[in-house]
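Descriptive analysis of the structure
The chain contents come next:
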Amino acid sequence: MTYCLAIKVREGLVCLADGRITAGTQVTAARKVERLGIPASGPAGEIMLMTSGLRSVRDKTVAFFRRDLQRKGAKPFASILDAVDAYCAKLREVRDQDEEDLKQSNLKFNIHTILAGRMAEDREPSCFLVYPEGNWIEVGSRTPYLSIGETSYGKPILDRTLTRDTDLATALKLAYLSFDSTRISAADVGFPIDMLTYANADGFWREAHYDYDDVLQQRQWWNKHITELAMKMPDGPWNDTLLPNGKAAGRLHVVSNEDDG
């Protein structure tokens, strides 16, 4: 499984992709994010792409798309919507070629893609989620994020805290916490992670790669403080009924905190 997330706030974009491919008796990791563009077109022509689903379908679709971008005479996309349209054409081409063969092996053509960026004619950057059929949705202002893969566990913290006005630095923290919530509950999502930002202030993509120990301080801080907040929460109406003599809770322990060793 996979967890990929794209956030759009007023200051720009935040993107995150986990790196786990398989879990169980064998764990491997591979990059799930790509930065693609027309050669020599500069930062304004760069597209960020993240995928979930069957790896062979993903690699073939991205390879076809990259081939077209790198062909001699290829022109930069005027808008991110033009880039999405071109990607969807490649996706449908691969689907036409491979879907029936996949069905014969009881496999699904299940690639989901997030594309993000800002082209020359765009007033601001944006993100799109492309479905296996080649149709898409654009990120909205009321729910300023898109996610693919194992999406359930990372949604609550985003839905509670993230808004269009969240600053870029806080959006980075929320992206990490959304991933962390997912990897705690889903064995097939995990480190390493790739994180990217696109800042409206200068129009550049920035990218970093983090493994388990790189964010140890942040993980320990979050585990400690979320536990303390639960203890400080006002006592509920259940105390008188469900606790002996209405006794308030005294101690709470972090469940499965692998960092306390």
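To keep things clear, this report deals only with the structure shown in the data block.

What counts, and at which threshold
- Residues numbered from 1 in each chain as written.
- Predicted model: local features only at pLDDT ≥ 70, side-chain atom pairs only at ≥ 80, totals over all residues.
- Heavy atoms only, no water.
- Helix = DSSP H or I, 4+ residues; strand = E, 2+ residues; numbered from the N terminus.
- Contact = heavy atoms within 4.5 Å.
- Polar contact = N/O pair within 3.5 Å; in protein donor to acceptor, adjacent residues only side chain to side chain.
- Buried < 20%, exposed > 50% of the residue type's maximum accessible area, 1.4 Å probe, protein only.
- Pairing = 2+ DSSP bridges.
- Axes fitted to C-alpha atoms, helices over the stretch in contact; angles between N-to-C directions.
- Parallel < 35°, antiparallel > 145°, perpendicular 65-115°, else oblique.
- Left-handed = near helix turned anticlockwise from the far one by under 90°.
- Nonpolar A, V, L, I, M, F, W, Y, C, P; charged D, E, K, R; others polar.

Position of Thr 197 relative to the elements: it lies in strand E11 (residues 193–199). Contacts of Thr 197, omitting those with residues within four sequence positions, involve Leu 13, Val 14, Leu 172, Phe 204, Trp 205 and Arg 206.

Among the secondary structure elements, Asp 18 is positioned in strand E2 (residues 12–18). A polar contact is formed between the side chain of Asp 18 and the backbone nitrogen of Arg 20, at a distance of 3.3 Å. At a separation of 3.2 Å, a polar atom in the side chain of Asp 18 contacts the main-chain amide nitrogen of Gly 190. The contacts of Asp 18, once residues within four sequence positions are left out, are Thr 2, Tyr 3, Ala 30, Lys 32, Phe 179, Asp 188, Val 189, Gly 190, Pro 192 and Ile 193.

In terms of residue burial, E2 counts as a mostly covered element, since 7 of its 7 residues are buried. Note that strand E1 (residues 3–9) and E2 share 6 bridges and pair antiparallel. Bridging from a neighbouring strand, Val 9 pairs with Gly 12 of E2. Between the antiparallel neighbours E1 and E2 lie 2 residues. Two strands pair when backbone bridges link them, and E2 and E11 are joined in this way by 7 bridges, in the antiparallel orientation. Residue Cys 15 lies in a different strand from E11, and its bridge partner there is Leu 196.

The next subject is the sheet that holds E2. Strand order in the open sheet made by the 5 strands is E10-E1-E2-E11-E12, with antiparallel pairing throughout. Pairing within the sheet leaves two strands with one partner each, and these edge strands are strand E10 (145–149) and strand E12 (204–210). Across the sheet, the mean angle from the axis of one strand to that of its neighbour is 10°, orientation sign disregarded.

Cis geometry is adopted by the peptide bond preceding Pro 192, which originates at Phe 191 and carries an omega value of 5°. Position of Pro 192 relative to the elements: it lies in the loop between helix H4 (168–185) and E11. Phi at Asn 106 takes a positive value of approximately 60°, unusual for a residue other than glycine. Considering the arrangement of structural elements, one finds Asn 106 in the loop between helix H2 (80–104) and strand E7 (112–117).

A separate point is the packing of helix H1 (residues 55–70) against H2. When two helices pack together, their arrangement is given by the angle between the helix axes and the distance between those axes. Running from N to C, H1 and H2 point in directions that differ by 140°, and their axes come no closer than 9 Å. In terms of orientation, H1 lies oblique with respect to H2. At the point where H1 passes H2, the crossing takes the right-handed sense. Seen from H1, the contacting residues are Val 57, Lys 60, Thr 61, Phe 64, Phe 65, Arg 67 and Asp 68; seen from H2, they are Ala 83, Ala 86, Tyr 87, Lys 90, Leu 91, Glu 93, Val 94, Gln 97, Asp 98 and Leu 102. A breakdown of the residues in the contact of H1 with H2 according to their chemical character gives 9 nonpolar, 2 polar and 6 charged.

Glancing now at the sheet that holds strand E6 (residues 46–52). What holds strands together in a sheet is hydrogen bonding between their backbones, with the strands either parallel or antiparallel. The sheet built from 5 strands is open, its strands ordered E5-E6-E7-E8-E9 with antiparallel pairing. This sheet does not close on itself; its edge strands, each paired only once, are strand E5 (33–37) and strand E9 (136–138). The mean inter-strand angle of the sheet, taken between neighbouring strand axes irrespective of direction, is 25°. Sheet topology note: the E5/E6 ladder contains 5 bridges and is antiparallel. Paired with Arg 35 across the strands is Met 48, a residue of E6. Taken strand by strand, H1 contacts E5 and E6, and its axis lies near 20° from that of E5. H2 rests against E6, E7, strand E8 (126–130) and E9 of the sheet, and its axis sits at about 15° to E8.

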